[in-house]
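Listed below, chain by chain, are the residues.
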Amino acid sequence: MTPHIPEPTGAEADDLGAVVALRELADRLEDAAVERAMRAGWTWSQVAEALGVTRQAVHKKHHRRLEVAGIELRRRHG
Amino acid sequence: MADRLDDERLGVTLKRVVIGAIDEAARRGSSTVEAEHLLLAISAGTDVAGTTLAEFGLDHAGVEAALRQEREQALRAAGIQPVAEERLRATRNSRPGWGASLREAMRRADHRARRDRGRAERERLAVADTLLGILRADLGTVPRALAYAGVDRRALITRLEQL
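As the structure is a computational prediction, the values presented were derived from the model and not from experiment. (Residues numbered from 1 in each chain as written. Chains lettered and ligands numbered in written order. Predicted model: local features only at pLDDT ≥ 70, side-chain atom pairs only at ≥ 80, totals over all residues. Heavy atoms only, no water.)

Caption draft 1: Quick peek at the overall build of chain B. Regarding its fold elements, chain B presents nine helices and two strands. Shown N-terminal to C-terminal, the secondary structure of chain B runs as helices and strands in the order α-α-β-α-α-α-β-α-α-α-α. Relative to the globule expectation of 15 Å for 163 residues, the C-alpha radius of gyration of chain B, 16 Å, shows essentially globular dimensions. Dimensions of chain B, computed from C-alpha atoms along their principal axes, come out at roughly 50 × 35 × 25 Å. With 163 residues in all, chain B has 43% of them scored as buried. Per element, the accessible surface of chain B, about 8,200 Å² overall, is 48% carbon and sulfur. In chain B, which carries 28 positive and 25 negative side-chain charges, the distance between the mean positions of the two groups comes to 2 Å. (Helix = DSSP H or I, 4+ residues; strand = E, 2+ residues; numbered from the N terminus. Rg over C-alpha atoms; globule rule 2.2 N^0.38 Å. Buried < 20%, exposed > 50% of the residue type's maximum accessible area, 1.4 Å probe, protein only. Areas by Shrake-Rupley, 256 points an atom, 1.4 Å probe, with all protein chains shown as cover. Lys, Arg positive; Asp, Glu negative; His and termini not counted. Charge placed at Lys NZ, Arg CZ, Asp CG, Glu CD.)

Caption draft 2: Layout of the packing of helix 2 (residues 44-51) of chain A against helix 3 (residues 55-68) of chain A. All names here are of chain A. Contact geometry of helix 2 with helix 3 gives a least axis separation of 9 Å together with a crossing angle of 120°. It follows that helix 2 is oblique to helix 3 by the angle criterion. Relative to helix 3, the crossing made by helix 2 is right-handed. Note on element contacts: helix 3 touches helix 2 through Arg55, Val58, His59, His62, His63 and Leu66, opposite Trp44, Ser45, Val47, Ala48 and Leu51. A per-class count over the contact of helix 2 with helix 3 returns six nonpolar, four polar and one charged. (Axes fitted to C-alpha atoms, helices over the stretch in contact; angles between N-to-C directions. Parallel < 35°, antiparallel > 145°, perpendicular 65-115°, else oblique. Left-handed = near helix turned anticlockwise from the far one by under 90°. Contact = heavy atoms within 4.5 Å. Nonpolar A, V, L, I, M, F, W, Y, C, P; charged D, E, K, R; others polar.)

Caption draft 3: The nonpolar core, seen in detail. Grouped together as the largest cluster of nonpolar side chains are 38 residues, with contacts concentrated most on Leu38(B), Ile42(B), Leu131(B) and Ile134(B). The set of elements that each furnish at least two residues to this core consists of helix 2 (12-27), helix 3 (35-43), helix 4 (48-55), helix 5 (60-77), helix 6 (100-108), helix 7 (119-135), helix 8 (141-148) and helix 9 (153-161) of chain B. Considering every element that reaches this core, the biggest residue donor is helix 7 of chain B, with seven residues. Excluding residues within four positions of it along the chain, Leu131(B) makes contact with Leu39(B), Ile42(B), Ala49(B), Leu53(B) and Leu160(B). Counting residues in each nonpolar core, the second largest holds nine residues, with Val34(A), Ala37(A), Val47(A) and Leu66(A) among its members. (Core = buried A, V, L, I, M, F, W, Y, C linked by side-chain atoms within 4.5 Å.)

Caption draft 4: Expanded view of the interface of chain B and chain A. Taken together, the contact pairs 25 residues of chain B with 25 residues of chain A. Taken together, the two surfaces of chain B and chain A that pack against each other cover about 2,200 Å², and 58% of this comes from carbon and sulfur. Linking chain B with chain A are four salt bridges, by the criterion used here. The interface formed by chain B and chain A includes 11 residue pairs in polar contact (both at pLDDT 80 or more). Breaking the side of chain B that touches chain A down by element, the ones donating at least two residues are helix 5 and helix 8 of chain B. Ranked by residue count, the leading element in the side of chain B that touches chain A is helix 8 of chain B, at five residues. Residues belonging to the side of chain B that touches chain A are distributed by class as follows: 12 nonpolar, four polar and nine charged. (Buried area = accessible area lost by both parts, 1.4 Å probe. Salt bridge = Lys/Arg side-chain N within 4 Å of Asp/Glu carboxyl O. Polar contact = N/O pair within 3.5 Å; in protein donor to acceptor, adjacent residues only side chain to side chain.)

Caption draft 5: Fine view of the environment of Leu25(A). Its location among the elements puts Leu25(A) in helix 1 (residues 11-39). Discounting residues that sit within four places of it in the chain, Leu25(A) has contacts with Leu75(B), Ile80(B), Val83(B) and Leu88(B).

Caption draft 6: Fine view of the side chain of Arg65(A). All names here are of chain A. Positionally, Arg65 belongs in helix 3. With relative accessibility at 8%, the residue Arg65 sits in the buried group. Among the polar contacts listed, one links the side chain of Arg65 to the side chain of His62, at a separation of 2.9 Å.

Caption draft 7: Quick look at the pattern of salt bridges. As enumerated under the stated definition, the model contains 23 salt bridges over all chains in all. The salt bridge involving Glu24(A) is made with Arg71(B); its shortest N-O contact spans 3.1 Å. Of the two residues, Glu24(A) is situated in helix 1 and Arg71(B) in helix 5; the pairing between them involves two chains. The class for Arg71(B) is buried, based on a relative accessible area of 13%. One salt bridge in this structure joins Glu121(B) and Arg117(B), with 3.1 Å as the shortest N-O distance. Judged by relative accessible area, which is 27%, Arg117(B) ranks as partly exposed. Among the charged side chains, a salt-bridge network with shared partners connects Asp14(A), Glu24(A), Glu36(B), Glu70(B), Arg71(B) and Arg144(B).

Below, the structure written as C-alpha coordinates:
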(Lines give C-alpha, C1' and ligand atoms only; values in the text may rest on other atoms or scores of the structure.)
Protein backbone atom coordinates (compact mmCIF):
# COMPACT_ATOMS: atom_id res chain seq x y z
CA MET A 1 0.00 0.00 0.00
CA THR A 2 1.34 3.40 -0.97
CA PRO A 3 1.63 5.65 2.06
CA HIS A 4 -0.61 8.71 2.02
CA ILE A 5 1.34 11.80 1.00
CA PRO A 6 -0.07 14.95 2.58
CA GLU A 7 -0.51 18.13 0.52
CA PRO A 8 2.40 20.57 1.02
CA THR A 9 -0.08 23.44 1.53
CA GLY A 10 -2.77 21.62 3.54
CA ALA A 11 -3.91 22.75 7.00
CA GLU A 12 -1.30 20.75 8.94
CA ALA A 13 1.47 21.66 6.50
CA ASP A 14 0.53 25.34 6.87
CA ASP A 15 0.98 25.16 10.64
CA LEU A 16 4.33 23.40 10.28
CA GLY A 17 5.38 25.87 7.58
CA ALA A 18 4.47 28.70 9.95
CA VAL A 19 6.86 27.24 12.54
CA VAL A 20 9.70 27.23 9.98
CA ALA A 21 8.93 30.80 8.91
CA LEU A 22 8.64 32.04 12.51
CA ARG A 23 11.96 30.42 13.50
CA GLU A 24 13.68 32.01 10.52
CA LEU A 25 12.08 35.38 11.25
CA ALA A 26 12.98 35.20 14.97
CA ASP A 27 16.61 34.34 14.17
CA ARG A 28 16.98 37.19 11.70
CA LEU A 29 15.17 39.67 13.96
CA GLU A 30 17.42 38.68 16.88
CA ASP A 31 20.58 39.27 14.84
CA ALA A 32 19.33 42.65 13.65
CA ALA A 33 17.91 43.79 17.00
CA VAL A 34 21.02 42.83 19.01
CA GLU A 35 23.21 44.64 16.49
CA ARG A 36 21.03 47.77 16.63
CA ALA A 37 21.06 47.80 20.44
CA MET A 38 24.84 47.37 20.62
CA ARG A 39 25.35 50.13 18.05
CA ALA A 40 23.16 52.32 20.28
CA GLY A 41 25.56 51.65 23.16
CA TRP A 42 23.72 48.96 25.10
CA THR A 43 25.86 46.60 27.18
CA TRP A 44 25.83 42.81 26.80
CA SER A 45 24.11 42.59 30.19
CA GLN A 46 21.33 44.93 29.10
CA VAL A 47 20.75 43.06 25.84
CA ALA A 48 20.76 39.75 27.75
CA GLU A 49 18.27 41.05 30.31
CA ALA A 50 15.96 42.36 27.56
CA LEU A 51 16.11 38.99 25.78
CA GLY A 52 15.64 37.06 29.01
CA VAL A 53 18.80 35.04 28.54
CA THR A 54 22.20 34.99 30.28
CA ARG A 55 24.92 37.44 29.36
CA GLN A 56 27.15 34.49 28.48
CA ALA A 57 24.58 33.14 26.04
CA VAL A 58 24.10 36.39 24.14
CA HIS A 59 27.83 37.12 24.15
CA LYS A 60 28.71 33.69 22.81
CA LYS A 61 26.12 33.93 20.04
CA HIS A 62 26.78 37.47 18.81
CA HIS A 63 30.20 38.67 19.99
CA ARG A 64 32.30 37.59 17.03
CA ARG A 65 29.80 38.82 14.47
CA LEU A 66 29.58 42.29 16.03
CA GLU A 67 33.32 42.55 16.49
CA VAL A 68 33.74 41.82 12.78
CA ALA A 69 31.08 44.48 12.10
CA GLY A 70 33.43 46.97 13.78
CA ILE A 71 30.98 47.90 16.49
CA GLU A 72 32.69 49.43 19.49
CA LEU A 73 31.51 47.13 22.24
CA ARG A 74 31.17 48.50 25.76
CA ARG A 75 33.25 46.39 28.05
CA ARG A 76 32.69 48.14 31.36
CA HIS A 77 29.86 46.52 33.33
CA GLY A 78 29.79 43.86 30.70
CA MET B 1 25.02 13.15 3.01
CA ALA B 2 28.24 14.70 4.11
CA ASP B 3 30.37 12.92 1.52
CA ARG B 4 28.26 14.30 -1.36
CA LEU B 5 29.07 17.79 -0.10
CA ASP B 6 32.78 17.18 0.10
CA ASP B 7 34.55 19.33 -2.45
CA GLU B 8 36.50 16.33 -3.72
CA ARG B 9 33.35 14.47 -4.69
CA LEU B 10 31.61 17.28 -6.53
CA GLY B 11 32.15 17.95 -10.22
CA VAL B 12 33.09 21.44 -11.39
CA THR B 13 29.57 22.53 -12.41
CA LEU B 14 27.98 21.10 -9.29
CA LYS B 15 30.59 22.75 -7.11
CA ARG B 16 29.70 26.09 -8.70
CA VAL B 17 26.01 25.80 -7.80
CA VAL B 18 26.78 24.62 -4.26
CA ILE B 19 28.96 27.70 -3.78
CA GLY B 20 26.11 29.75 -5.28
CA ALA B 21 23.74 28.19 -2.73
CA ILE B 22 26.06 29.18 0.14
CA ASP B 23 26.03 32.78 -1.18
CA GLU B 24 22.23 32.76 -1.48
CA ALA B 25 21.89 31.53 2.11
CA ALA B 26 24.37 34.08 3.46
CA ARG B 27 22.75 36.91 1.53
CA ARG B 28 19.39 36.01 3.04
CA GLY B 29 20.77 35.91 6.56
CA SER B 30 20.12 32.19 6.91
CA SER B 31 22.31 30.25 9.34
CA THR B 32 21.94 27.12 7.20
CA VAL B 33 22.11 26.36 3.48
CA GLU B 34 18.79 24.75 2.60
CA ALA B 35 17.28 23.17 -0.53
CA GLU B 36 15.65 26.50 -1.48
CA HIS B 37 19.07 28.18 -1.63
CA LEU B 38 20.31 25.46 -3.95
CA LEU B 39 17.19 25.94 -6.09
CA LEU B 40 17.91 29.68 -6.27
CA ALA B 41 21.51 29.00 -7.33
CA ILE B 42 20.43 26.50 -10.00
CA SER B 43 17.79 28.92 -11.33
CA ALA B 44 20.51 31.54 -11.83
CA GLY B 45 22.39 29.19 -14.18
CA THR B 46 22.12 28.97 -17.95
CA ASP B 47 22.70 25.23 -18.21
CA VAL B 48 19.95 22.72 -19.04
CA ALA B 49 18.67 22.73 -15.41
CA GLY B 50 18.39 26.53 -15.33
CA THR B 51 16.69 26.77 -18.71
CA THR B 52 14.22 23.98 -17.84
CA LEU B 53 13.30 25.82 -14.64
CA ALA B 54 12.81 29.03 -16.63
CA GLU B 55 10.43 27.21 -18.99
CA PHE B 56 8.26 26.51 -15.94
CA GLY B 57 8.34 30.18 -14.90
CA LEU B 58 11.12 29.57 -12.41
CA ASP B 59 13.94 31.83 -13.49
CA HIS B 60 15.85 33.34 -10.54
CA ALA B 61 13.28 36.13 -10.04
CA GLY B 62 10.48 33.58 -10.31
CA VAL B 63 11.99 31.35 -7.61
CA GLU B 64 12.59 34.39 -5.38
CA ALA B 65 8.97 35.49 -5.78
CA ALA B 66 7.67 31.97 -5.09
CA LEU B 67 9.78 31.66 -1.93
CA ARG B 68 8.74 35.11 -0.71
CA GLN B 69 5.09 34.23 -1.24
CA GLU B 70 5.51 30.97 0.67
CA ARG B 71 7.04 32.73 3.70
CA GLU B 72 4.34 35.41 3.66
CA GLN B 73 1.59 32.79 3.50
CA ALA B 74 3.23 30.76 6.27
CA LEU B 75 3.55 33.78 8.54
CA ARG B 76 0.00 34.86 7.76
CA ALA B 77 -1.18 31.40 8.89
CA ALA B 78 0.34 32.31 12.28
CA GLY B 79 -1.24 35.79 12.24
CA ILE B 80 2.04 37.58 11.50
CA GLN B 81 2.41 40.38 8.98
CA PRO B 82 5.67 40.44 7.00
CA VAL B 83 8.46 42.39 8.75
CA ALA B 84 10.16 45.13 6.69
CA GLU B 85 13.54 44.01 5.30
CA GLU B 86 15.39 46.99 6.79
CA ARG B 87 14.43 45.85 10.30
CA LEU B 88 16.02 42.49 9.59
CA ARG B 89 19.31 43.79 8.24
CA ALA B 90 22.31 42.52 10.19
CA THR B 91 26.02 41.90 9.78
CA ARG B 92 26.76 38.27 8.99
CA ASN B 93 29.99 36.65 9.82
CA SER B 94 30.10 32.91 9.82
CA ARG B 95 29.57 30.74 6.80
CA PRO B 96 26.18 29.04 7.04
CA GLY B 97 26.15 25.32 7.82
CA TRP B 98 24.50 22.55 5.78
CA GLY B 99 20.77 22.34 6.43
CA ALA B 100 18.77 19.11 6.62
CA SER B 101 16.76 19.83 3.46
CA LEU B 102 19.95 20.36 1.44
CA ARG B 103 21.44 17.07 2.65
CA GLU B 104 18.18 15.31 1.80
CA ALA B 105 18.14 16.85 -1.70
CA MET B 106 21.72 15.66 -2.32
CA ARG B 107 20.79 12.18 -1.10
CA ARG B 108 17.75 12.07 -3.39
CA ALA B 109 19.73 13.24 -6.41
CA ASP B 110 20.36 9.89 -8.04
CA HIS B 111 23.59 10.53 -9.90
CA ARG B 112 23.87 6.83 -10.74
CA ALA B 113 20.65 6.93 -12.78
CA ARG B 114 22.66 8.00 -15.83
CA ARG B 115 25.63 5.70 -15.37
CA ASP B 116 25.16 4.35 -18.89
CA ARG B 117 26.00 7.82 -20.26
CA GLY B 118 29.49 9.13 -20.90
CA ARG B 119 31.41 11.14 -18.37
CA ALA B 120 30.88 14.46 -20.17
CA GLU B 121 27.15 13.82 -20.45
CA ARG B 122 26.89 12.95 -16.75
CA GLU B 123 28.78 16.12 -15.90
CA ARG B 124 26.43 18.11 -18.17
CA LEU B 125 23.41 16.70 -16.34
CA ALA B 126 24.83 16.73 -12.78
CA VAL B 127 23.04 19.96 -11.88
CA ALA B 128 19.77 18.71 -13.39
CA ASP B 129 20.09 15.54 -11.28
CA THR B 130 20.64 17.66 -8.19
CA LEU B 131 17.57 19.70 -9.11
CA LEU B 132 15.63 16.42 -9.28
CA GLY B 133 16.81 15.70 -5.73
CA ILE B 134 15.36 19.03 -4.59
CA LEU B 135 12.06 18.50 -6.44
CA ARG B 136 11.50 14.98 -5.08
CA ALA B 137 10.66 16.41 -1.64
CA ASP B 138 6.86 16.27 -1.19
CA LEU B 139 6.80 18.51 1.87
CA GLY B 140 8.64 21.58 3.07
CA THR B 141 9.54 25.05 1.83
CA VAL B 142 10.29 24.22 -1.83
CA PRO B 143 7.16 22.16 -2.63
CA ARG B 144 5.07 24.75 -0.77
CA ALA B 145 6.61 27.59 -2.77
CA LEU B 146 6.07 25.74 -6.06
CA ALA B 147 2.47 24.94 -5.15
CA TYR B 148 1.70 28.59 -4.36
CA ALA B 149 3.39 29.63 -7.61
CA GLY B 150 1.16 27.19 -9.51
CA VAL B 151 4.10 25.15 -10.82
CA ASP B 152 3.39 21.53 -11.76
CA ARG B 153 6.19 19.86 -9.80
CA ARG B 154 5.42 16.38 -11.18
CA ALA B 155 5.62 17.64 -14.76
CA LEU B 156 8.92 19.36 -14.02
CA ILE B 157 10.31 16.14 -12.51
CA THR B 158 9.19 14.11 -15.55
CA ARG B 159 10.76 16.65 -17.89
CA LEU B 160 14.10 16.52 -16.07
CA GLU B 161 14.10 12.73 -15.88
CA GLN B 162 13.72 12.61 -19.67
CA LEU B 163 16.84 14.69 -20.30
